There are 2 protein chains.
Amino acid sequence: MAANCQFAFAVHLLTLLAHKAGEPMTSSALAASVNTHPVVIRRLLATLSRAGIVVTGKGSQAGSRLQRSPSEITLGEVFRITMPASSAALYPHGPNKRCLIGHNIEGVLITILGSARAAFEEALGNYTLADVLARVAEGADEIPKPISSKAAASA
Amino acid sequence: MAANCQFAFAVHLLTLLAHKAGEPMTSSALAASVNTHPVVIRRLLATLSRAGIVVTGKGSQAGSRLQRSPSEITLGEVFRITMPASSAALYPHGPNKRCLIGHNIEGVLITILGSARAAFEEALGNYTLADVLARVAEGADEIPKPISSKAAASA
DNA sequence: GTTGATGTAACCGTGGCTGTTACATTCGTC
DNA sequence: GACGAATGTAACAGCCACGGTTACATCAAC
């Protein structure tokens, strides 16, 4: 299975929402394109909603839509939201603190990895949802066939 | 437990080797400081050896040492070796190819994530093992007590 | 009130990774 | 040449994270 699909899933569904340009989509419709379970999408949407990226309505005929213009949402932001800097320990059992190296290396590593992660996020910050949508649309010629059945109505 | 300690373990043991300045260390001694099992260290050393970072001797009185100067080994290189770009799928089941977005987004994401990873590695490339060792040594005042018993002889 | 949607808790199954054991192999030392 | 100490590697166990799934309360439009 794939590791940490959170970010990929998020970008995927946000791109779908961007493509729909304001028209709300249901979690089922989004799930159909992402190829996963609607609840997985709803969990993600809840996170994105709390972060102010999307708005989701409740009740019948509801759905989700972007809260901002696609050109104002960067992948860096999406990454920060979906993959928050984990405070997970670097070592399963921690290094041996009674050794010179072991005693100090954790802090050094955390600092260095932090700066690297910042570079990663900055690189992602160069792309907006609008960019992604444009790139996706470029390859539109090669679509094998239109999406079918019930999914066709929404995706 | 901590995720993917490979990189942290590698930097840790390489820093130890750098600290020893050419004197070979056994996997047991390294394991004592990293706080893990010698076999885990040996697995890592095998990878680092294949990549030309360390040399490991066999037989009694053997051990491992750096193959290059600590100032010529960057963390970017270590990262690339220990965490090779996984060809793991971005999606557990793949996106729905019959949808415009689903059909094209994977390639777009791979490209973008690739450039972000490059930025990450480049940031790590700014640090060498010598830098790490220097930073670790800076905090040397705060060592609680010298490492004890058999581990003291080697670490 | 019915219908169709969300939000969320709870649980299962799988996969990956560390840790561990076991064993063949290799080299220095006596 | 035998012994001891170390590596290299395969095989397995245990654990944990995460995606997938079910279930259900809630909410809004009609």
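Throughout what follows, the structure given in this document is the object of discussion. Note that residues are indexed from 1 along each chain, following the sequence as it is written. Chain labels run from A onward and ligand labels from 1 onward, assigned in the order the entries are written. Residue-level local features of this predicted model are given only where pLDDT is at least 70; pairs of side-chain atoms are given and counted only at 80 or more, and the full residue set underlies all totals for whole chains, interfaces and linings. Water and hydrogen atoms were dropped before computing side-chain values, which therefore reflect all heavy atoms in the structure.

## What about the protein's contact with DNA strand D?
Using the following cut-off: Residues are counted as near a molecule or strand when any one of their heavy atoms sits within 4 Å of it. Polar contacts here mean pairs of N or O atoms no more than 3.5 Å apart (in protein, one a potential hydrogen donor and the other a potential acceptor; neighbouring residues in sequence count only if both atoms are side-chain atoms). Runs of H or I in DSSP of at least four residues are treated as helices and runs of E of at least two as strands, each being numbered from the N terminus. When residues are sorted by character, Ala, Val, Leu, Ile, Met, Phe, Trp, Tyr, Cys and Pro go into the nonpolar class, Asp, Glu, Lys and Arg into the charged class, and all the rest, Gly among them, into the polar class.
Taken together, 27 residues sit near DNA strand D, with Thr36(A), His37(A), Arg43(A), Ser27(B) and Thr56(B) positioned nearest. Each atom of DNA strand D within 4 Å of the protein belongs either to a base or to sugar and phosphate, the latter forming 57%. Measuring from a phosphate oxygen of DNA strand D, one finds a side-chain N or O atom of Thr36(A) at 2.3 Å. Between a base oxygen of DNA strand D and a side-chain N or O atom of Arg42(B), the distance comes to 3.0 Å. Sorting elements by how many residues they give to the surface near DNA strand D places helix α3 (residues 38-50) of chain B first, with five residues. Among the residues forming the surface near DNA strand D, the class breakdown is eight nonpolar, 13 polar and six charged.

## Comments concerning the relation of the copies chain B and chain A
Applicable threshold: For the least-squares superposition of copies, only C-alpha atoms count, and only for residues with pLDDT at least 70 in both. Should any heavy atoms of two residues lie within 4.5 Å, those residues are considered in contact.
The transformation that overlays chain B on chain A combines an axial shift of 0.0 Å with a rotation of 180 degrees, and the residual RMSD is 0.1 Å. In symmetry terms, the pair is related by a two-fold rotation axis. Measuring from the rotation axis to each C-alpha of chain B, the shortest distance belongs to Phe120(B), at 2.5 Å. Both copies present the same face, since 100% of the interface residues in chain B are matched by interface residues at the equivalent positions in chain A.

## Observations concerning the interface of chain B and chain A
How we decide: As used here, buried area is the combined drop in accessible area, with a 1.4 Å probe, of two parts when they are placed together. One side-chain nitrogen of Lys or Arg within 4 Å of one carboxyl oxygen of Asp or Glu is enough to make a salt bridge.
Across the contact, 60 residues belong to chain B and 60 residues belong to chain A. Across the chain B to chain A interface the summed buried area is about 5,100 Å²; carbon plus sulfur atoms make up 73%. Counting across the interface, chain B meets chain A through zero salt bridges. Where chain B touches chain A, the interface holds 10 residue pairs in polar contact (both at pLDDT 80 or more). Residue assignment for the side of chain B that touches chain A shows that the elements contributing at least two residues are α1 (6-20), α2 (27-34), α5 (100-124) and α6 (129-138) of chain B. Sort the elements by how many residues they give to the side of chain B that touches chain A and α5(B) lands first, with 18 residues.

## A word on the protein's contact with DNA strand C
In the vicinity of DNA strand C lie 27 residues, with Ser27(A), Thr56(A), Thr36(B), His37(B) and Arg43(B) positioned nearest. Among all atoms of DNA strand C positioned within 4 Å of the protein, those belonging to sugar or phosphate total 61%. Within the side chain of Arg43(B), one N or O atom sits 2.8 Å away from a base nitrogen of DNA strand C. With five residues, the top contributor of residues to the surface near DNA strand C is helix α3 (residues 38-50) of chain A. Here the residues of the surface near DNA strand C sort into nine nonpolar, 13 polar and five charged.

## Observations concerning the packing of α1(B) against helix α4 (residues 75-82) of chain B
Residue and element names in this part refer to chain B. Selection criterion: A fitted line through C-alpha atoms serves as each axis, taken over the contacting stretch for helices, and the angle formed by two N-to-C directions is quoted from 0 to 180°. Oblique is the label for every angle not falling under 35 degrees (roughly parallel), over 145 degrees (roughly antiparallel), or within 65 to 115 degrees (roughly perpendicular). Each helix crossing is assigned a hand: it is left-handed if the near helix lies turned anticlockwise from the far helix by less than a right angle, otherwise right-handed if that turn is clockwise.
Interaxial distance between α1 and α4 falls to 9 Å at its minimum, and their mutual angle equals 130 degrees. With respect to α4, the axis of α1 lies oblique. Where α1 crosses over α4, the handedness of that crossing is right-handed. Taking contact as the criterion, the partners of Gln-6, Phe-7, Ala-10, Val-11 and Leu-14 in α1 are, on α4, Leu-75, Val-78, Phe-79 and Thr-82. A breakdown of the residues in the contact of α1 with α4 according to their chemical character gives seven nonpolar, two polar and no charged.

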